[in-house]
Amino acid sequence: MDGENGKQGQGRAARLLLDSLDGYADPFVLCDPDDRVLYTNARYHELFPAAPPQGEIRGWGFEALLRRVLAGGETPDPGIPDPEEFIRLRLAQRAALAGRSLSEATIGGRLFRRVEERTPNGCVITSYSDITDLKQAQEAAERNAARLAAAVEAIPGGFMMMDEGLNYLVWNSRYPGIGGTTDAVIRSHGNVRETLWLQARRGDYDDLRLDPGAFTAGQVADTPCLATLLRCQAARPPGQRPTEEEMEAQVEWHLLRFRPGGRVDGDNAEREGTFRVAGSGAVIEFRRTYTPGLGWVSLYTDVTERMREAEETAAARAAAERALADLRAAQASLVQAEKLASLGGLVAGIAHELNTPIGITYTAATHLKDQAARFRARLEGGQLRRAELDEFLDLVAEGAALLEANAGRASQLVQSFKNVSADRTHDERRRFELGPALEELVVSLGPRWRKAGHVLSLDCPPGLEMDGYPGALGQVVTNLVVNSTVHAYAPGRSGKLSLVVRRGEPGDVEITYADDGRGMSATHLPRVFEPFFTTRRGTGGTGLGLHIVYNIVTKTLGGRIEVASRLGHGTRFTLTLPLVAPVPTASGEG
């Protein structure tokens, strides 16, 4: 009996192991030491639909499997056009594999990291991880970091950026020389506190003597480092180096400038002014600003030789101001990069839509610039005629109208995108008016449905307010529109999409989304909300879009969703949502 129970337990464990492997998120294939298939999970067959079915693939040789996949039109490396060359390369890689190797492959338009590892018993495990979004986010971050570095280096003086903890983050090549230090010293003293200690020990503050009469008794009592500094200075004879205790008080006294409101003597780190570098005597003009959430930005200019040249000094300051504005824009772009990584498709569409108005605006501005230069030349040459003046004024008016129209269009697109992206990246509950929220969403989704020639109409009564999650509702509508554009129409065919909003029962709102596409069969209709159910397996369909819609509607938004469809007569989704979304429970469900 114990033996039977043991076998049953082993059988259950084996089934559990196989079920776990089959449900593993990343596609993988396991081959024996002779490079024959032992096991593949379901995701492998989703990635390579041309491979033999999961129940028949065991025993296939790696080379035969590779040829089967290539014959089915799939290739993990389109950079090698010759299939035979690709096969030879892969076989050589497998033969030489002794440990673990990493490579990248493009499959179905997506970028995957391929990991191959030979186990101690000679088997080879090959797994694939989709890194498309990560790669795009990394590339965007690298581009923005390069822009930030270029902006920093372009500043005509010294530049330093610190975080809120006063740790050094970024500085340009001119900062160390202006600050009387070296790049190596900055890297070895990574924050303001360590630098202040360096300066204190080399004697930069030996002449610092505070006037006790400048402070009230309460200020001294409330500021321990001030009390220590006044006591140590009173006890130190002229010409004698400060003690370790006094130097520590000097460091803390200087650090107080960076706290909100500054020091009790009114000195505040967020200001502009000049200072003299110990040793060299160079006079440095500086400006230091603080941005909550980002930290401190400092600009330095050596004005030793230019203090008597007011005009040049003013020009340098103006250049520093412009560079600071460019830097802040680059910083904001760098911070947004991480937030926008999940909105890559939406960004690309908006960029495509913005191209036309911005291009027209740029062309018009360039043309106006050229004509203005020509007009000035005629004017200065004394050759200007009244007809040319009238012509130039008409040109300016026409150009201004063109700039206004296209800049307005670009502004509308940007505003819609800002509102939608803010809701999507911050899943916060709030009150919102349904009509404007859907209008902004339709504008942002324009590149998705307009590219294929579709028409999307919106009918929503005014003044309909909801208390819930606009980001979640936007995800639902986005998935429904994407589902139509991917599944409802044959390539080259366009159709009509519609969003109709009506008041339902008291406290409810009814949103109907419909398309006039090919529709669904009665066999498929009951399964549309099942996870991983798709009729486009291997051609871009994941089977998760409508499943996500169902979960958001029924859990996050606390409503219900129904679908109706017939082959050749389109598909209609009806959402019934409460105007006030339910409060999430401790389990996260509504």
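Residues numbered from 1 in each chain as written. Predicted model: local features only at pLDDT ≥ 70, side-chain atom pairs only at ≥ 80, totals over all residues. Heavy atoms only, no water.

Caption draft 1: Here's a closer look at the overall build of the chain. The secondary structure content of the chain amounts to 18 helices and 17 strands. Counting only residues that meet the buried cut, the chain has 38% of its 590 residues in that class. Once local pairs closer than 6 in sequence are excluded, the contacts in the chain between residues at least 24 apart make up 54%. Surface exposure of the chain reaches about 32,600 Å², of which carbon and sulfur atoms provide 54%. (Helix = DSSP H or I, 4+ residues; strand = E, 2+ residues; numbered from the N terminus. Buried < 20%, exposed > 50% of the residue type's maximum accessible area, 1.4 Å probe, protein only. Contact = heavy atoms within 4.5 Å. Areas by Shrake-Rupley, 256 points an atom, 1.4 Å probe, with all protein chains shown as cover.)

Caption draft 2: The arrangement of the environment of isoleucine 284 in detail. With respect to the secondary-structure elements, isoleucine 284 resides in strand E9 (residues 283-291). Overall, isoleucine 284 belongs to the buried group, its relative accessible area being 0%. In sequence terms isoleucine 284 and threonine 304 are 20 residues apart; their C-alpha atoms lie 7.0 Å from each other. Beyond its immediate sequence surroundings of up to four residues, isoleucine 284 is in contact with Ile178, Gly273, Thr274, Phe275, Val277, Tyr300, Thr301 and Asp302.

Caption draft 3: Region of the structure containing helix H3 (residues 62-71). Restricting attention to buried positions, one finds in H3 the residues Phe62, Leu65, Leu66, Val69 and Leu70. Summarising the axial view, the buried residues of H3 lie within an arc of 135°, below the 170-degree limit, and thus occupy one face. Here the buried face of H3 lies against strand E2 (37-40), helix H2 (42-47) and helix H4 (83-96). (Arc of directions from axis to C-beta.)

Caption draft 4: Focus on the side chain of arginine 236. In this fold, arginine 236 is placed in the loop between helix H10 (224-235) and helix H11 (244-255). From its side chain, arginine 236 meets the backbone oxygen of aspartate 206 in a polar contact 3.3 Å long. Discounting chain neighbours no more than four positions away, the residues touching arginine 236 are Asp206, Leu208, Arg209, Arg241, Pro242 and Glu246. (Polar contact = N/O pair within 3.5 Å; in protein donor to acceptor, adjacent residues only side chain to side chain.)

Caption draft 5: Region of interest: unusual backbone geometry. In the Ramachandran plot, aspartate 35 falls in the positive-phi region, its phi being about 65° despite a non-glycine side chain. By secondary structure assignment, the location of aspartate 35 is in the loop between strand E1 (28-31) and E2. With a relative accessible area of 18%, aspartate 35 lands in the buried category. Phi angles above zero are rare outside glycine, and leucine 166 is one such case at about 65°.

Caption draft 6: Molecular detail of helix H17 (residues 470-488). If you check H17, its first and last C-alpha atoms are 26 Å apart, about what 19 residues at 1.5 Å a residue would give, namely 27 Å. Counted residue by residue, H17 has 14 buried out of 19 residues, so it is predominantly covered. (Expected span 1.5 Å × (residues − 1).)

Caption draft 7: Structural detail: the sheet that holds strand E12 (residues 455-459). An order of E12-E14-E15-E17-E16 is seen for the five strands of this open sheet, with the pairing classed as mixed. Where the open sheet ends on each side, the last strands, each with one partner, are E12 and strand E16 (560-565). Recorded for the sheet is a direction-independent mean angle of 15° between the axes of neighbouring strands. Pairing geometry for strand E14 (residues 496-503) and strand E15 (residues 508-515), over seven bridges, is antiparallel. Counterpart to leucine 497 in the pairing with E15 is aspartate 515. Those strands touched by helix H15 (residues 434-444) are E12, E14 and E15, and its axis lies near 170° from that of E12. Each of E12, E14, E15 and strand E17 (571-578) touches H17; the most contacted strand, E15, lies at about 20° to it. (Pairing = 2+ DSSP bridges. Axes fitted to C-alpha atoms, helices over the stretch in contact; angles between N-to-C directions.)

Caption draft 8: Focus on the pattern of salt bridges. Following the criterion strictly, the structure yields 28 salt bridges and no others. Of the charged contacts in the structure, one is a salt bridge between glutamate 272 and arginine 287, with a shortest N-O distance of 3.8 Å. In this pair, glutamate 272 is assigned in strand E8 (residues 272-276) and arginine 287 in strand E9, connecting sequence segments 15 residues apart. When its relative accessible area of 29% is taken as the criterion, arginine 287 is described as partly exposed. (Salt bridge = Lys/Arg side-chain N within 4 Å of Asp/Glu carboxyl O.)

Caption draft 9: The arrangement of the confidence of the model for the chain in detail. Predicted confidence across the chain gives a mean pLDDT of 82, with 82% of residues reaching 70 or more. Counting interchain partners and residues more than four positions distant, the pLDDT-below-50 stretch residues 419-426 has 18 contacts. (pLDDT = per-residue confidence, 0-100.)

Caption draft 10: Representation of the sheet that holds strand E6 (residues 158-162) within the structure. Taken together, five strands build an open sheet; the order of strands is E7-E6-E10-E9-E8 and the sheet is antiparallel. Edge positions in the open sheet fall to strand E7 (168-171) and E8, since each of these has one partner strand only. The mean angle between the axes of side-by-side strands here comes to 25°, regardless of whether they run parallel or antiparallel.

Caption draft 11: Broad picture of the packing of H15 against H17. With their axes 11 Å apart at the nearest point, H15 and H17 run at an angle of 45° to one another. Judged by the inter-axis angle, H15 sits oblique to H17. Relative to H17, the crossing made by H15 is right-handed. Side by side, H15 and H17 meet where Leu434, Leu438 and Leu441 of the first sit next to Leu473, Gly474, Val477 and Thr478 of the second. Residues belonging to the contact of H15 with H17 are distributed by class as follows: five nonpolar, two polar and no charged. (Parallel < 35°, antiparallel > 145°, perpendicular 65-115°, else oblique. Left-handed = near helix turned anticlockwise from the far one by under 90°. Nonpolar A, V, L, I, M, F, W, Y, C, P; charged D, E, K, R; others polar.)

Caption draft 12: Layout of the pairing of strand E3 (residues 100-107). Looking at chain direction, E3 and strand E4 (residues 110-118) are connected through eight bridges and run antiparallel. Note that in E4 the partner of serine 103 across the bridge is arginine 114. The hairpin formed by E3 and E4 contains two residues between the paired strands, and glycine 108 there has a positive phi angle of roughly 60°.

Caption draft 13: Up close: the packing of aromatic side chains. Under the definition given, this model contains 10 aromatic pairs. Taking the centre distance of 5.9 Å and the plane angle of 85° together, the rings of phenylalanine 215 and tryptophan 253 count as edge-to-face. Of the two residues, phenylalanine 215 sits in the loop between helix H8 (192-201) and helix H9 (217-222) while tryptophan 253 sits in helix H11, which places them 38 residues apart along the sequence. The exposure class of tryptophan 253 is buried, given its relative accessible area of 1%. One aromatic cluster is present, formed by Tyr24, Phe28 and Tyr39 through successive ring pairs. Just above the ring of phenylalanine 62 sits the side chain of arginine 94; from NZ or CZ to the centre is 3.9 Å. A cation sits over an aromatic face here: arginine 450 above tryptophan 449, 4.7 Å from the ring centre. (Phe/Tyr/Trp six-rings, centres within 6.5 Å; stacked < 30°, edge-to-face > 60°. Lys NZ or Arg CZ within 6 Å of the ring centre and 35° of its normal.)

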